[in-house]
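# Geometric and topological summary
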Amino acid sequence: MRIPNLPESFTTKHAAKGWPLGLAGVALLIIGSFLSWSYDDQILGDLSLNLYPGGLQILAIIGAVLGLLLLLTAKGPLESRIGPWLDAALGLRALGLWMLIYMVLVLVAITTDSDGLINVNPGGWVSFVGALLLFLGARVVPLREHRDLAAARAPGWAEVLAIAVVMAGVLFGAAYALGREDAWSFVLFLVFAAGIIAMMVRTGILTWFGHVAQRQKKVLTLSAFLVAFLFPFTQNGSDANMSIATQVLVFAATAMGLNIVVGLAGLLDLGYIAFLGSGAYVAATMSQSAFATIGWKPPFLVVVLLGASVAAILGLIIGSPTLRVSGDYLAIVTLGFGEIFRFSMFNLDGNNGPNLTNGPNGVPGIPDLEIGSFNFGATHTIAGIDLGRFSNYYFLLLILIGGVILVFSRLNDSRIGRGWVAIREDEKAAEAMGVNVFGLKLLAFSVGAFLAGLAGTIKAHQDGAVSPDQYVFLESAFLLAAIVLGGMGTIAGVLLGATILKLLPEKLRFFSEYRLLLFGLLLVLMMRFRPEGLVASRRRQLEFHEEDEELAVAIEHELVEEAK
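Okay, so let's go over this structure. Not measured: the values here are computed from a predicted model. (Residues numbered from 1 in each chain as written. Predicted model: local features only at pLDDT ≥ 70, side-chain atom pairs only at ≥ 80, totals over all residues. Heavy atoms only, no water.)

### Digging into the overall build of the protein
Short version of the rule: We count a stretch as a helix when DSSP gives it H or I for four or more residues in a row; a strand needs E for two or more, and each element gets its number in order from the N terminus. Each radius of gyration is computed over the set of C-alpha atoms, and the globule rule expresses the reference value as 2.2 Å times the number of residues to the power 0.38. Only protein chains enter the accessibility calculation, which uses a 1.4 Å probe; a residue whose area is less than 20% of its type maximum is buried, one above 50% is exposed, and one in between is partly exposed. Any pair of residues with heavy atoms lying within 4.5 Å of one another is described as a contacting pair. A 1.4 Å probe and the Shrake-Rupley method give the accessible areas. Residues count as covered only by the protein chains that appear here. Only four residue types enter the charge count, namely Lys and Arg as positive and Asp and Glu as negative; His and the chain termini do not. Charged side chains are reduced to one point each, which is NZ for Lys, CZ for Arg, CG for Asp and CD for Glu.
Counting its secondary structure elements, the protein contains 24 helices and four strands. For 564 residues, the compact-globule estimate of 2.2 N^0.38 gives 24 Å, and the protein sits close to it at 26 Å. When the backbone C-alpha atoms are referred to their principal axes, the protein occupies close to 80 × 60 × 45 Å. By residue count, 48% of the 564 residues in the protein fall in the buried class. Expressed as a percentage of contacts within the protein between residues at least 6 apart in sequence, the contacts between residues at least 24 apart total 74%. Accessible surface computed for the protein: about 26,600 Å², of which carbon and sulfur atoms make up 65%. Each charge sign in the protein was given a centre, from 36 positive and 42 negative side chains, and these centres are 6 Å apart.

Below, the structure is given as structure tokens:
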């Protein structure tokens, strides 16, 4: 979020006031955070105590400390050391704006949750004035020429340390966000996180971190999985939060498979949820459930392979028409396939065909997985922390996500991946250049379906039941929306998009009633302002901003750096 700059003559005239105004704002923001913000101790995690900051007050203190560091970088002891590299003035403006929005929303939350502005205690007003002064001061802090932070090189240990700090922040943020029980606290944390990210973008830190991530890919990957592994230990055995986390992982793993079909090969699939459902039904009908319709009960590893294989065969079946249709027609074919799958599950009830799925009743009572002596339904204690049923499934899904990411990244970097991209860009030209369009299209559908089938076999045991109404067209639409929102053809983008679309309705119950409206609005805004997605691949960035010469030069520089 940006607001227009003030006239240069005004900024020059009042430049000397910016620094002291900012310092006063920081001081008031911290002082106010140690005072009571609210008279009502039942809202926003109890902000009614003096000298004992609550969670939201600690976030305000963190924002104030970051503002102080930027002020000292713009003019102070840090100016000579990191001032030439860091765009402190722009970062300060972004931070000041978002901290002001944060404090305004805090006052609105206290007012709405406790029936009146009178419930705002003096500490809330002091911090609000502090955020306002920080915002005003940042507006007149003069801009300066600085060196490109992207070209800054740090020792290897410093880059690893930077990755560790960022990952620790991600772990803390995820644990804190999922632990918020009321909607306002969750929204306020999102606003705070958006402010920190905006500050990092404007100062150039995020660009620098992107280059560090390219140079330290292995460290970044390992630390990301370490953070994901440690996440259940931050939840104190909360099955409610871990249930949400496992749903996000299932959704993300399925979206990664769809990303191969849509993001790489450019084939629009509106019935993809059927592949997840086929894997789930295979696992359910071969489970130990009393309602399972197949007498054969093989080990789970065999069921996984069977479920994924059945989904892959269905992928080949639906992929075959793609040789003759494309674009809107392909979308209609895949949409029809998804509906055929759902109605087939309804009708295979013994009346309209063989009894395989119990029709609309589905297969309930699916027992928890048991691999060897490890029961996924039991609570296990590690390092004194109880890990419940959903934590067990979380670790299993984490392994699945790791495998899906490995498959996706290896295919993306291979000749097959380049062939898919060539088909996506121009099918006729790709065929003329010798790309096997027939085989690669079928491969995209089958591989994507195989990965979704894998996720489905685990989902059946995690949910404990399968029924046809779990696999409606709307779920396919959300999977597609996650890819568009996050960024087609990228791993981090799809994971981020899936997390946003799955987590928001779970944490914001009032939001779930309007989620179709709001997600639609969000996608329209994304198409208008950032069509390449939140985390865009370089290829798609250039595709949507082909006239941006600065972007082209930056990407060329990145490629040269990678080649070194």
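Having seen the structure, we can now continue with the description.
### Section: the environment of S33
Which entries qualify depends on this criterion: Pairing of N or O atoms within 3.5 Å defines a polar contact, subject to two protein rules: one partner must be a possible hydrogen donor and the other a possible acceptor, and residues neighboring in sequence count only if both atoms are side-chain atoms.
For S33, the position within the fold is in helix α2 (residues 15-33). For S33, a relative accessible area of 1% corresponds to the buried category. Not counting the four nearest positions on each side in its chain, S33 is found in contact with P53, Q57, A60, I61 and S127. Within the structure, S33 has its side chain in polar contact with the backbone oxygen of L29 (distance 2.7 Å).

### Focus on the packing of aromatic side chains
How we decide: Note on aromatic pairs: the rings of Phe, Tyr and Trp (six-membered ring only in Trp) are paired at centre separations within 6.5 Å, and the planes decide the class, stacked below 30 degrees, edge-to-face beyond 60, tilted for the rest.
Applying the stated rule across the entire model yields 16 aromatic pairs. Where F229 meets F233, the ring centres are 5.9 Å apart and the plane angle is 50°; that geometry is what we call tilted. On the basis of relative accessible area, F233 is assigned to the buried category, the value being 18%. Ring centres 5.2 Å apart and planes at 45° place the aromatic pair F229 and F395 in the tilted group. Taken together, the residues F229 in helix α10 (residues 217-230) and F395 in helix α15 (residues 389-412) connect sequence positions 166 residues apart. On the accessibility criterion, F229 (38% relative accessible area) is partly exposed.

### Considerations on the pattern of salt bridges
Quick note on the threshold: When a carboxyl oxygen of Asp or Glu lies within 4 Å of a side-chain nitrogen of Lys or Arg, that pair is called a salt bridge.
Within the structure shown, the criterion is met by five salt bridges. A salt bridge links E425 to R424; its shortest N-O distance comes to 2.8 Å. Given a relative accessible area of 44%, E425 falls into the partly exposed group. Using a relative accessible area of 18% as the deciding quantity, one classes R424 as buried. Ionic pairing is found between K441 and E427, a salt bridge with its closest N-O pair at 3.1 Å. With K441 in helix α18 (residues 437-463) and E427 in helix α17 (residues 427-432), the pair connects residues that are 14 residues apart, well separated along the chain.

### Describing the nonpolar core
Operational definition: By nonpolar core is meant a set of buried Ala, Val, Leu, Ile, Met, Phe, Trp, Tyr and Cys residues that side-chain atoms within 4.5 Å join together.
Counting 151 residues, the largest nonpolar core has L56, Y102, F275, Y394 and V466 as its most contacted members. By residue number, the principal contributor to this core is helix α11 (residues 239-264), which donates 16 residues. With residues near it in sequence (within four places) discarded, L56 still touches W37, L44, L47, Y102, Y176, S185 and L188.

### Structural notes on the side chain of S289
Among the secondary structure elements, S289 is positioned in the loop between α12 (273-285) and α13 (300-319). We classify S289 as buried; its relative accessible area is 5%. Among the polar contacts made by the side chain of S289, one reaches the main-chain amide nitrogen of F291 at a distance of 3.1 Å. Look past the residues within four positions of S289 in its chain and what remains in contact with it is V363, P364, G365, I366 and P367.

### Structural notes on helix α7 (residues 156-179)
Using the following cut-off: How far a helix is expected to stretch is found by multiplying one less than its residue total by 1.5 Å.
Over its 24 residues, α7 extends 35 Å from the first C-alpha to the last, a length consistent with the 34 Å expected when each residue adds 1.5 Å. Buried-residue contacts for α7 involve α3 (55-74), α8 (183-203), α9 (205-215), α10, α11 and α20 (491-507).

### Considerations on the environment of L400
When you line up the elements, L400 lands in helix α15. A relative accessible area of 12% places L400 in the buried class. On a C-alpha basis, the gap between L400 and A253 in space is 7.5 Å, while along the polypeptide they are 147 residues apart.

### Quick notes on a nonpolar patch on the surface
Spelled out, the test is: Only residues whose relative accessible area exceeds 30% and that form no salt bridge enter a patch; like-charged residues are grouped when within 9 Å of one another, and nonpolar side chains (Val, Leu, Ile, Met, Phe, Trp, Tyr) when within 5 Å.
A contiguous nonpolar surface patch, about 630 Å² in accessible area, is contributed by Y514, L517, L518, L521, L525 and F529. Inspection of the secondary structure assignment puts L518 in helix α22 (residues 515-529). On the accessibility criterion, L518 (32% relative accessible area) is partly exposed.

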